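Overview (structure and organization)
Listed here are the chains, written in short residue letters.
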Amino acid sequence: MVSFDLRKGTFKSLASTFASNDSKTERWRVRESIGRYGMLVIAGGAIISPVMLGLLAVLWGGKGPGSGETASASWRSVVLRGWAPEAITLCSLVIQVCTSAQALICTSLAAATLLETTGVPLSQVAEFSTMRGANGGPWRLVYLMSRSSIRNFFSLQFLLMLVLFLGTLATQFASTILVADLDVSSITGNVNHTRLNLTLSDSIQMYQPSSSQWEMKPTDYSAFGEIPSGISVEPTARGFSDTGNVRRIFVPLQHENRTNLHHYVGGAYGINSRVACTSPVLTGQFEAFDPGSKPLPYLLTMMGNISYEATFANAGLDVPSLCADGTCLPSQFNCTMPTAGIPGRLGTFLCIPSLSNVIDTDMTFFPDGRNSPVTPHSMVFLVTRNNGSFTDWGSFVNNVSAIPDTPTSRDGEWASWKLGENVKLDASLCFSSLLWDFSHVDMSTTRDTIEPAVSLDPKTRQIDTAPARTLLGVNPDATSPSDRQLLAVNAIGNTSTDSRLLRYLDGAINAGIFGIPEPPSGVTINGDGASYGASSINPFFDYPTVVQDVLNTTNRPALAVQGMLTIMAMSLHYAQIQLLDVEDDVSLTVSVPVTIPVRWTGLAATAAVVAANLACAVAVAVLFLRRTRHSKQGHFWHAVAQLVCESTAGILRAGPEARDDRVAREVVVPAEGGDPLVVIGRCKRTGRVQVLRKEDVDKESV
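Everything numeric in this text was worked out from a predicted model, so none of it was measured.

**Topic: the sheet that holds strand β11 (residues 299-306)**
One open sheet holds the 3 strands; their spatial order is β10-β11-β14, and the pairing between them is antiparallel. A strand with exactly one partner marks an edge of an open sheet, and here the two such strands are β10 (282-289) and β14 (332-336). Taken over all neighbouring pairs, the strand axes of this sheet differ in orientation by 15° on average, direction set aside. Sheet analysis places β11 next to β14, joined by 5 bridges and oriented antiparallel. Among the inter-strand pairings, M303 is bridged to a residue of β14, identified as N334.

This is the structure:
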């Protein structure tokens, strides 16, 4: 039978047992002091939490460059199924459980360390002791430490537990913090093998356009695939500028299905476009006619002849073949000429001398510039610009009306004449070839495309063509394929230039654009909204503003003409694909709007909290192992038994039914003359591990 003397605080029958086991109790192993469960929680949490962070980092960075097309199959599976929020919630829950469990264990270890080293008030020793067996978390320990002494605010234990408490609290909101990084974004979906209408059956009737395409608003500015020519459009030293053959392939999809297309494999229509310009050799005259019903002072025209031999000789080129299939490049021109209607702006126009060489009524030949910049079937544009008003031109026409034999100067592909006192006329002779084809293509992009538009500000009346010019590759400020949002042409083959639809498109772009079977000679197309005069065609404002802006920014008429015809080709293409009725196999990969991480802020904050928690947990465990000898985490009897001693005898007699605050106020303070600091240690007199006054222990160690 064990006999306990409450007054003396001794276990008489066990005194020898404690003394004999000193050597063993001083050599507690880690598993006996922290316990297997404690070791599992601390070590397991130190492994599992970083693993969860690693999984989250994979989810955050798994998309890789582009739109997720190169991401791993597991990442794509999770994201495309919409499981990203659930995966984040699950990982954050595991982190929360690990940090909470570690916080409970570390609270026990920290309480034990305080009991055996720093000391705690006698009135709180019972709570600190029982914390070694069970506790509600670090918040209570932080609270008790903050009340006991101001010195605790600067102690290592207090700082560690404060960080642990705040970190554990923060992990309760880890899911919310991480979800804040999410947003809806587009990633490349899975391949869809389907069938599209790509060709025409014989039952579909096709008709000549009934109105001029120039006068109709362009319907589409779609992203396309481009195969550049590799030739610089900059003029040679002799003034010859050539775009080379540029292939542009259009995706056979309507607007709502184009912008999110990331990969297309199948048949597609496209154009071969080539424009070459040089400074012309002209002879002729300017004339002023009665404008009739037009509200103009007079009708200004320019008429004369083009000397191709002299033009190409000046450019340092051999004279190409000028005639084929019974037709020749037009040598005569007779076009109206707009003037500069706004001071500081130029009157710009495009004169087409004739289209008889481009396409006949049976549509048997078309301009094909794939191998040569100038062919007998090239569409000829005489591009001119001048700064003269009606007053300036009137004084010149009334006195000298002939085109001077020799230009005042030549600058690249431009020839310039000084006319009268104030008029400067620039002219460039351009040869355009545009041929449609149908090919099997493989085209892709890494992001959704944004289709531009030519916009008019109703307040300022300013027209912004920059987005459209960027797409066309004629904006010097944005020339890369990424800036232009082009589709990359990965492969192209099985090209055909002969079908009903191709012949129709060739005819429409080359002749039918005017809405009449046989366009008259000397067609004038207004090339600037500031021009003032009579024009055979007054195009929709997209065309002249693009032409004028390209000339203003690049000074390359070849790029202006090519861009203008590409705009028209796109509109014609997407108007005609609605007629297609014969299906063929294609592969489509479109982007899918999904919720994925788009920022790293929340993950970085969570990782920092978890790292701080782990560092504090390890530090608390190390301090416990180095500074304690008499505590076992998670065990209760020793926590209770160590409280039974002379210092606590009065408290134990008064406390069976008393509240803690009453015991401290009515028992501890009156009996001890205050609330002294006590520690858990081995009493040299009794041989027991019990509550000792901190000041007595300090005196014995001196």
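Don't stop here, the text continues.
**Let's talk about the sheet that holds strand β28 (residues 689-693)**
The strand order β3-β27-β28 describes an open sheet built from 3 strands, whose pairing is antiparallel. Of all the strands in the sheet, just β3 (120-121) and β28 have a single pairing partner and so form its edges. Here β3 runs beside strand β27 (residues 677-682); their pairing, made up of 2 bridges, is antiparallel. Along β27, the bridge assignment pairs P121 with L677. Across the sheet, helix α6 (residues 84-116) lies against β3 and β27, angled at about 95° from β27, the strand it touches most.

**Describing the packing of helix α4 (residues 35-61) against helix α19 (residues 601-627)**
For the pair α4 and α19, interaxial distance at closest approach is 11 Å and the crossing angle is 165°. In terms of orientation, α4 and α19 fall into the roughly antiparallel class. By crossing handedness, the relation of α4 to α19 is classed as left-handed. Residues I42, G45, A46, S49, P50, L53, L56, A57 and W60 of α4 form the contact with α19, whose own contacting residues are L603, T606, A607, V610, L614 and A621. Partitioned by chemical class, the residues of the contact of α4 with α19 number 12 nonpolar, 3 polar and no charged.

**Let's talk about the pattern of salt bridges**
The full count for this structure, using the stated rule, is 15 salt bridges. Taking the shortest distance from any N to any O, the salt bridge between D585 and R195 comes out at 2.6 Å. You can see D585 sitting in strand β26 (residues 582-597) and its partner R195 sitting in strand β5 (residues 192-199), a full 390 residues away along the chain. Through salt bridges with shared partners, a single ionic network connects R195, E583 and D585.

**Comments concerning the environment of L346**
Within the secondary structure, L346 is located in the loop between β15 (339-340) and β16 (347-352). The exposure class of L346 is partly exposed, given its relative accessible area of 26%. Distance in space between the C-alpha atoms of L346 and L425 is 9.6 Å, their sequence separation being 79 residues.

Conventions adopted
Residues numbered from 1 in each chain as written. Predicted model: local features only at pLDDT ≥ 70, side-chain atom pairs only at ≥ 80, totals over all residues. Heavy atoms only, no water. Pairing = 2+ DSSP bridges. Helix = DSSP H or I, 4+ residues; strand = E, 2+ residues; numbered from the N terminus. Axes fitted to C-alpha atoms, helices over the stretch in contact; angles between N-to-C directions. Contact = heavy atoms within 4.5 Å. Parallel < 35°, antiparallel > 145°, perpendicular 65-115°, else oblique. Left-handed = near helix turned anticlockwise from the far one by under 90°. Nonpolar A, V, L, I, M, F, W, Y, C, P; charged D, E, K, R; others polar. Salt bridge = Lys/Arg side-chain N within 4 Å of Asp/Glu carboxyl O. Buried < 20%, exposed > 50% of the residue type's maximum accessible area, 1.4 Å probe, protein only.

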